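Chains, contacts and geometry: an overview
Here's the letter readout for the chains.
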Amino acid sequence: EVQLVESGGGLVQPGGSLKLSCAVSGFTFSDSAINWVRQASGKGLEWIGLIRSAANNYATPYAASVKGRFTISRDDSKNMAYLQMNSLKTEDTAVYYCTRQERGDYGYDYWGQGTLVTVSS
Amino acid sequence: DIVMTQSPDSLAVSLGERATINCKSSQSVLYRSKNKNYLGWYQQKPGQPPKLLIYWASTREFGVPDRFSGSGTGTDFTLTISSLQAEDVAVYYCHQYYSTPHTFGQGTKLEIK
């Protein structure tokens, strides 16, 4: 069974940092890209960025809203993906999802349950 | 960036009737060499993550009921629910993964009339 499980969310002050983790199982993690998507309360879906597979040089494009502040990484030996978030702003408050994209021409076929990040003083 | 615009923002349909949601992209999402549209549709129910219904604009994900269908190519796409069931109440999103940044439509809230 394919599973993605996010962790690491919580309350952080503006300007602070937080690192989210995404533990995956049930598929060949190293072959898939992982995307991070967030959703503020009552709002739509916002793509944050992705990390491609080793075959695609672990490329990491980002959304303009987080570029330079957020960093996506992965550890294929541990079946883990990460989202390092620095210089957090109140507008970064959202549920953060990690998602699998098995191939570049597929949609995001598996999603985690999400982890809530609240940026507030 | 490719902007995805859905219409309508909300929709109320009677049980058993057809529901149609439209999605327009600001640029073509047709990958010509593969003849595939990099366009997906997702269903999101309250408190749950989105669920992939359709990819390549018209291919149903495994396990998705056949009352859900997708159509369109290039910049204009449609999600159709042929006979609305109570469990279809949700927000629906279109999504382009043709180019980064990947972008979503604003969502269409589907309710029972």
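In what follows, the accompanying structure is described. (Residues numbered from 1 in each chain as written. Chains lettered and ligands numbered in written order. Predicted model: local features only at pLDDT ≥ 70, side-chain atom pairs only at ≥ 80, totals over all residues. Heavy atoms only, no water.)

Formed by 43 residues in total, the largest nonpolar core has its most connected members in W36, L83, M85 and Y96 of chain A together with F104 of chain B. Those elements that place two or more of their residues in this core are strand 3 (18-25), strand 4 (33-39), strand 5 (46-51), strand 6 (70-75), strand 7 (80-85), strand 8 (94-101) and strand 10 (115-119) of chain A together with strand 7 (51-55) of chain B. If near-sequence neighbours (up to four positions away) are discounted, L83 of chain A is found in contact with L18, K19, L20, W36, I48, F70, T71, I72 and Y96 of chain A. With 23 residues, the next largest nonpolar core counts L11, V29, L39 and I81 of chain B among its residues. (Core = buried A, V, L, I, M, F, W, Y, C linked by side-chain atoms within 4.5 Å. Buried < 20%, exposed > 50% of the residue type's maximum accessible area, 1.4 Å probe, protein only. Helix = DSSP H or I, 4+ residues; strand = E, 2+ residues; numbered from the N terminus. Contact = heavy atoms within 4.5 Å.)

Facing 19 residues of chain B, the contacting portion of chain A comprises 22 residues. Both faces considered, chain B and chain A share a buried interface measuring about 1700 Å² in area, 63% of it formed by carbon and sulfur atoms. When residues of chain B are sorted by the area they lose upon contact with chain A, P49, H102 and F104 of chain B head the list and together hold 31% of the total. Applying the counting criterion to the chain B and chain A interface returns one salt bridge. For K34 of chain B, the salt bridge is made with D105 of chain A, and the minimal N-O distance between the two is 3.8 Å. Inspection of the region where chain B meets chain A yields seven residue pairs in polar contact (both at pLDDT 80 or more). A per-class count over the side of chain B that touches chain A returns eleven nonpolar, five polar and three charged. (Buried area = accessible area lost by both parts, 1.4 Å probe. Salt bridge = Lys/Arg side-chain N within 4 Å of Asp/Glu carboxyl O. Polar contact = N/O pair within 3.5 Å; in protein donor to acceptor, adjacent residues only side chain to side chain. Nonpolar A, V, L, I, M, F, W, Y, C, P; charged D, E, K, R; others polar.)

Shape is all these values report; function is a separate question.
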